[in-house]
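# Examination of the molecular architecture
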Amino acid sequence: MLRVGSKAACLACRNLVSTNMGVRFRVPLQKLHPLSRAIHHRYSGNTNPQRPPHRTAARYFTSMSRLPMRPPKPPPGSGGRNYQQQRNFWVARLAARLLKLRYILLGTAVGGGYTAKKTYEEWKDLLPDFSEYNWVIPDFVWELSEQIDLDKLAKALPEIEEIAKLLPDLDKIGENFTFLKSLLSSGVSLGSEVKGAGLHLLLETSGDPALKATDSSATGAQDPSDRQYKKSSDKEKIDQLQEELLRTQLKYQRMLERLEKENKELRKVVLQKDDKGIHQRKVKKSLIDMYSEVLDILSDYDSNYNTQDHLPRVVVVGDQSAGKTSVLEMIAQARIFPRGSGEMMTRSPVKVTLSEGPHHVALFKDSGREFDLTKEEDLAALRREIELRMRKSVKEGQTVSSETISLSVKGPGIQRMVLVDLPGVISTVTTGMASDTKETIFSISKAYMQNPNAIILCIQDGSVDAERSIVTDLVSQMDPQGKRTIFVLTKVDLAEKNLASPSRIQQIVEGKLFPMKALGYFAVVTGKGSSGESIDSIKDYEEDFFQNSRLLRDGMLKAHQVTTKNLSLAVSDCFWKMVRESVEQQADVFKASRFNLETEWKNNYPRLRELDRNELFEKAKNEILDEVINLSQVTPQHWEAILQKKLWERVSTHVIENIYLPAAQTMDSGTFNTTVDIKLKQWTDKQLPHKALEIAWETLQDEFARFMAEYKGKDQDDIFDKLKEAVKDESIKRHKWNERAMDSLRVIQHNALEDRSITDKPQWDAAIQFMEETLQSRLKDTESVIRDMVGPDWKQRWLNWQNRTPDQHIRNETKNELERLLKLHDDHTAYLANDEVTTVRKNLEGRGVEVDPVLIKDTWHQLYRRHFLQKALSHCNLCKRGFYYYQRHFVDSELECNDVVLFWRIQRMLVITANTLRQQLTNTEVRRLEKNVKEVLDDFGEDMEKKTQLITGRRVQLAEDLKKVREIQEKLEVFIEALHKEK
């Protein structure tokens, strides 16, 4: 137990307050409880509480402490005894509280242990799950780890600083790597003087006395004083020096390759870590990917506009089968292109964006599928896809296409650049090719090469005669000074084997044989000609060939001029140099073009939004869908009224001419009903259902067109007219009415026509009205036909100065004669007998009118029709009061209204048919039409060529150009910013 008020008690309280999670540590005095501070100052021997011994406590003493440092003085009038009692009481209370320390210590230990365990569990959850990597570590390691004391092992491990000392100096390796790379590439700037200053640098770094002797002999050959010495030297010594020089070059070349391989592996590990998100940093697009996006947009941009595409890219051109594809595959480090023996395989430009990445993969611009280039099945699938896209891009009747296929290839150690592989140049059009294939290939190649910032990679086959080359003349026309051309001689192994004089290869590589100039000349070997060779085997074969070739050993070729590896490095450096020199200028060009386009838009379309073709299509699509939806809102009464009207207009002629008139002209009620029943049955079985569905489909089309026309009259843009008309026609073309509807409609119509029971007077009156309107309409048509036959009457002739033609005169005389016959025989049948025709003819001849019997019968038909219709109308008026007799089945010759019943049956059939068709329209066909319209719109939306045909005009083109130029300019600015940061 600690004595109350002692310094030990104060220090114990101070240490206790600082306890956290079971761990004790000392804290500054100012953080103690005010009571502890008061005790400390009281018994520490400090008489002035304003200046305690500890400066840290004194700084916060005044503000934090609320308890007095000493007992209060006794009030006036009280004795010292009361003061002593108060002090003892205060000390006793403090001692009682300090006795609780053991309980506080116990609680703190328990709580601290629980908190520590909980914190450990939380930290454990934050660690990554390495269970999926257990297969990497053998089982005995796990068994051994259970027996190891991890605490002891952790103490035995060296500190991180000691581990760092064991690692190699990466900065120094990088400096050596850069030095060796610049040393071996110095031949590009030194040219033929590599035996001079460049070799001198090699010898300075090597410190080899023999090589220094070589250096003195080589450099001495450059000045006149040393030439005599060289001539007098022995030939064997020269050969020995050349061999030593070659060995030195190969030595440093191998060293450089070893360092590059190690660097490649290290970069691959780093990229894989970044790819897995170990560093948790935001993934950004690479510089070359940003640049490739700009080129993709430019390839879709209208090249006919005044803004020209002058952004750099590497254009690969060459004669057919010269080895263009093989060179590209060596640069991309994968066999990605389709191959064929002597057949044209590259049928359209292929833009390949090369960039560095953790995995060797390829993917198309418009596809999310990644092709693993380390797997042969993915390589084969990629080649098939490229070939399929090429053939799809070629239009019917053509052999090649100008449509660009965009491909991205990523992998460790791949040089960053953008290459465009063009179809091989041909000299003759063979069977099966389009007649303009040669000219088309030339035009495509010129379109890419005329870009002043394009780097031309000219591929020449070294195994054939140089005089057979076509591409060199084309390249010399497009780049006569050779400021942006790199010449590549392929198949050097075959050239060395076949050519009698290897010096011819030296002339080609030195630029002395072809009538063209270039920045650099390279000689490569791209395999033995087998399509099954891997990239690694081709690399090994190329390196072995040049190491053993006399071309390099005799100094005809320089070390920096051989292998596709050196070629890719040189092309990449040239590409980025050209990009840095020209990209800002091109960004300014697009900025100026954007300003011009925006000014034109403001002047011509100030109140319209700048909608491109896709946005306009979406707007038109919504309007068309709204119009289709309006069809479902048409009222049933409207549908039935339209359907009934159109159906009667279509079938009325058949009903009058083929059913009613033949039956009514028999003048017998029994025959009338029998004839009507037979003809109605035949009509229902064969023609009526089909005709009804045809009318319903036409009605749906008419209503659809009406809604579109009404919407057009509001706020519709006339730029959508062609699109809407095409959508309407295509939707109607695709729509097929439900076939089962015809069978059900036939049954309904047959039942409606068989019913003869008119139940009430309103139905009877409606049938009479329907019959009366129909007969009056037919009578009017018949009278119009007769007027046309006989010509104008006397009133028209006198008032309008019109005369009859001879034929009309004959017709008029025949009409008059036949009318007299009808007056004599009011109940005459519909046909004239032969003797009656002869009598009428003779009567007309007696008046000097020659007439043909056929003309008499034709005139009689129209006159009798008018006569019969007039009688039918008068009978219809009589039947208005005949419903009483019909209902009670009375037989009255005058009031036997079978024709009224027929028209009631027809009218009822029309109503039921219209109702049935309306149900089919609203329940099924309108929805199917809406579905067809959506399908057509979706198909048109995916067909860019279709949208281009249907949405046209200067306004559309201007909005398209403005959107493209803005997008290009913005992406160029982002690219330029990233380019400056990379510098």
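Model, not experiment: these values are computed from the prediction.

Moving on to the overall build of the protein. When helices and strands are tallied, the protein shows 39 helices and nine strands. Among the 983 residues that make up the protein, the fraction classed as buried is 42%. Carbon and sulfur atoms form 51% of the exposed surface of the protein, whose accessible area is close to 56700 Å².

A complete count under the given rule lists 47 salt bridges for this structure. Here Glu598 ties to Arg594 by a salt bridge, and the two come within 3.1 Å at their closest N and O atoms. Placement of both Glu598 and Arg594 in helix H24 (residues 564-604) is noted, with a separation of four residues, approximately one turn of the helix. Each of Arg594, Glu598, Glu610 and Arg966 takes part in a single network of salt bridges with overlapping partners.

Time to look at the packing of helix H33 (residues 806-824) against helix H35 (residues 853-879). Direction vectors running N to C along H33 and H35 enclose 55°, while the axes themselves pass 9 Å from each other. What the angle tells us is that H33 and H35 run oblique. As for the relative orientation of H33 and H35, their crossing is right-handed in sense. Contacts between H33 and H35 pair Asp807, Ile810, Arg811, Thr814, Lys815, Leu818, Glu819, Leu821 and Leu822 from the former with Leu855, Ile856, Asp858, Thr859, Trp860, Leu863, Tyr864, Arg866 and His867 from the latter. Grouping the amino acids of the contact of H33 with H35 by side-chain chemistry returns nine nonpolar, three polar and six charged.

Further remarks concern the pairing of strand E5 (residues 405-411). Within E5, six of the seven residues are buried, leaving the element largely enclosed by the surrounding structure. Taken together, the seven bridges between strand E2 (residues 350-356) and E5 define a ladder with parallel strand orientation. Paired with Val350 across the bridge in E5 is Ile405. Taken together, the four bridges between strand E3 (residues 361-364) and E5 define a ladder with antiparallel strand orientation. By the bridge assignment, Phe364 is partnered in E5 with Leu407.

This next bit is on the state of the cysteines. Evaluated as defined, the whole model comprises one disulfide. Here Cys879 pairs with Cys897 through a disulfide, and the sulfurs are 1.9 Å apart. Because the torsion about its S-S bond is -100°, the bridge between Cys879 and Cys897 counts as left-handed. Within this pair, whereas Cys879 is found in helix H35, its partner Cys897 is found in the loop between helix H36 (883-887) and helix H37 (898-942), the two being separated by 18 residues in sequence. One exposure class covers both Cys879 and Cys897, and it is buried.

Counting 98 residues, the largest nonpolar core has Tyr660, Trp683, Trp764, Ile906 and Val933 as its most contacted members. Excluding its chain neighbours within four sequence positions, the residues that come into contact with Trp764 are Ile758, Cys879, Lys880, Gly882, Phe883, Tyr886, Cys897, Val900 and Val901. Residues Met290, Val352, Ala362 and Ala959 belong to the second largest nonpolar core, which totals 67 residues.

Turning to the confidence of the model for the protein, a few remarks are in order. Detailed reading of the predicted coordinates is not advisable wherever pLDDT is low. In the predicted model, the protein carries a mean pLDDT of 75, and the fraction of residues at 70 or more is 69%. Here helix H11 (residues 197-206) stands out as the least confident element of the protein, with mean pLDDT 35; strand E1 (residues 314-318) is the most confident, with 93. The low-confidence segment residues 156-168, where pLDDT is below 50, has two contacts with residues more than four positions distant or belonging to other chains. Note on residues 183-225: pLDDT is under 50 here. Beyond four places in sequence and across chains, it has 48 contacts.

Turning our eyes to something else, we now look at helix H29 (residues 721-734). Every α-helix carries 3.6 residues per turn, so stepping three or four residues along brings you back to the same face. Here H29 contains 14 residues, and its C-alpha end-to-end distance of 20 Å stays within 8% of the 20 Å for a straight helix at 1.5 Å per residue. Buried within H29 are the following residues: Leu723, Lys724, Ala726, Val727, Lys728, Ser731 and Ile732.

Turning to the sheet that holds strand E4 (residues 371-372), a few remarks are in order. Ordered by their spatial adjacency, nine strands build an open sheet running E4-E3-E5-E2-E6-E1-E7-E8-E9, and the pairing between neighbours is mixed. At either margin of the open sheet sits one strand with a lone partner, and together these are E4 and strand E9 (520-523).

With that settled, the discussion passes to the packing of aromatic side chains. Using the criterion set out here, one finds 14 aromatic pairs in the structure. An angle of 75° between the planes, with centres 5.3 Å apart, marks the rings of Phe575 and Trp576 as edge-to-face. Trp576 matches Phe575 in its accessibility class, with the two residues each being buried. Between Tyr660 and Phe868, the ring centres sit 6.3 Å apart and the planes meet at 55°, which makes this aromatic pair tilted. Within this pair, whereas Tyr660 is found in helix H26 (residues 636-664), its partner Phe868 is found in helix H35, the two being separated by 208 residues in sequence. According to the relative accessible area criterion, Tyr660 is buried, its value standing at 1%. Phe868 sits in the buried class, given a relative accessible area of 7%. Taken together through their ring pairs, the aromatic side chains of Trp648, Tyr660, Phe770, Trp860, Tyr864, Phe868 and Phe903 make up a single cluster.

Here we take up the packing of helix H25 (residues 613-631) against H29. Where H25 meets H29, the axes come as close as 11 Å, and the angle between the chain directions of the two elements is 50°. The orientation of H25 relative to H29 falls into the category oblique. With respect to the hand of their crossing, H25 and H29 are arranged in right-handed fashion. In this structure, H25 uses Phe617, Ala620, Glu623, Ile624 and Glu627 to contact H29, whose residues at the interface are Leu723, Lys724 and Val727. Its residues assigned to classes, the contact of H25 with H29 shows five nonpolar, no polar and three charged.

This part takes up the environment of Ala833. With respect to the helices and strands, Ala833 occurs in the loop between H33 and helix H34 (834-846). The spatial distance from the C-alpha of Ala833 to the C-alpha of Lys857 is 9.8 Å, given a sequence separation of 24 residues.

With that settled, the discussion passes to the side chain of Ser401. Within the secondary structure, Ser401 is located in the loop between helix H17 (376-393) and E5. With residues near it in sequence (within four places) discarded, Ser401 still touches Arg347, Ser348, Pro349, Ser393, Val394 and Ile444.

This paragraph deals with a nonpolar patch on the surface. A surface patch of nonpolar side chains, about 480 Å² in accessible area, is lined by Trp794, Trp798 and Leu799. Relative to the assigned elements, Leu799 resides in helix H32 (residues 794-800).

Another aspect to go through is unusual backbone geometry. Notably, Gln333 is not glycine yet its phi reads approximately 65°, a positive angle. With respect to the element layout, Gln333 can be found in the loop between helix H16 (324-332) and E2. If you check the backbone angles, Thr563 has positive phi at about 75° while not being a glycine.

We now examine the pairing of E9. Burial along E9 is two-sided: Gly520 and Phe522 facing one way and Tyr521 and Ala523 facing the other are all buried. Two strands pair when backbone bridges link them, and strand E8 (residues 485-490) and E9 are joined in this way by four bridges, in the parallel orientation. By the bridge assignment, Phe487 is partnered in E9 with Tyr521.

Another point: the side chain of Ser731. In this fold, Ser731 is placed in helix H29. A relative accessible area of 0% means that Ser731 is categorised as buried. From its side chain, Ser731 meets the backbone oxygen of Val727 in a polar contact 2.7 Å long. Contact partners of Ser731, with chain neighbours within four places excluded, come to Leu929, Asn932, Val933 and Val936.

In this fold, Val352 is placed in strand E2. Measuring from C-alpha to C-alpha, the distance between Val352 and Ser292 comes to 9.0 Å, with 60 residues separating the pair along the chain. Not counting the four nearest positions on each side in its chain, Val352 is found in contact with Phe337, Leu407, Val409, Met417, Val418 and Leu419.

The subject of this paragraph is H26. Compared with an ideal rise of 1.5 Å per residue, which puts 29 residues at 42 Å, H26 spans 36 Å between its outermost C-alpha atoms and falls more than 12% short. Within H26, the axis deviates most sharply at Val651, by approximately 45°.

What counts as what
- Residues numbered from 1 in each chain as written.
- Predicted model: local features only at pLDDT ≥ 70, side-chain atom pairs only at ≥ 80, totals over all residues.
- Heavy atoms only, no water.
- Helix = DSSP H or I, 4+ residues; strand = E, 2+ residues; numbered from the N terminus.
- Buried < 20%, exposed > 50% of the residue type's maximum accessible area, 1.4 Å probe, protein only.
- Areas by Shrake-Rupley, 256 points an atom, 1.4 Å probe, with all protein chains shown as cover.
- Salt bridge = Lys/Arg side-chain N within 4 Å of Asp/Glu carboxyl O.
- Axes fitted to C-alpha atoms, helices over the stretch in contact; angles between N-to-C directions.
- Parallel < 35°, antiparallel > 145°, perpendicular 65-115°, else oblique.
- Left-handed = near helix turned anticlockwise from the far one by under 90°.
- Contact = heavy atoms within 4.5 Å.
- Nonpolar A, V, L, I, M, F, W, Y, C, P; charged D, E, K, R; others polar.
- Pairing = 2+ DSSP bridges.
- Disulfide = S-S within 2.5 Å.
- Core = buried A, V, L, I, M, F, W, Y, C linked by side-chain atoms within 4.5 Å.
- pLDDT = per-residue confidence, 0-100.
- Expected span 1.5 Å × (residues − 1).
- Phe/Tyr/Trp six-rings, centres within 6.5 Å; stacked < 30°, edge-to-face > 60°.
- Patch = residues over 30% accessible without salt bridge, like charges linked within 9 Å, V, L, I, M, F, W, Y side chains within 5 Å.
- Polar contact = N/O pair within 3.5 Å; in protein donor to acceptor, adjacent residues only side chain to side chain.
- Bend = angle between axes of the 7 residues up to and from the residue.

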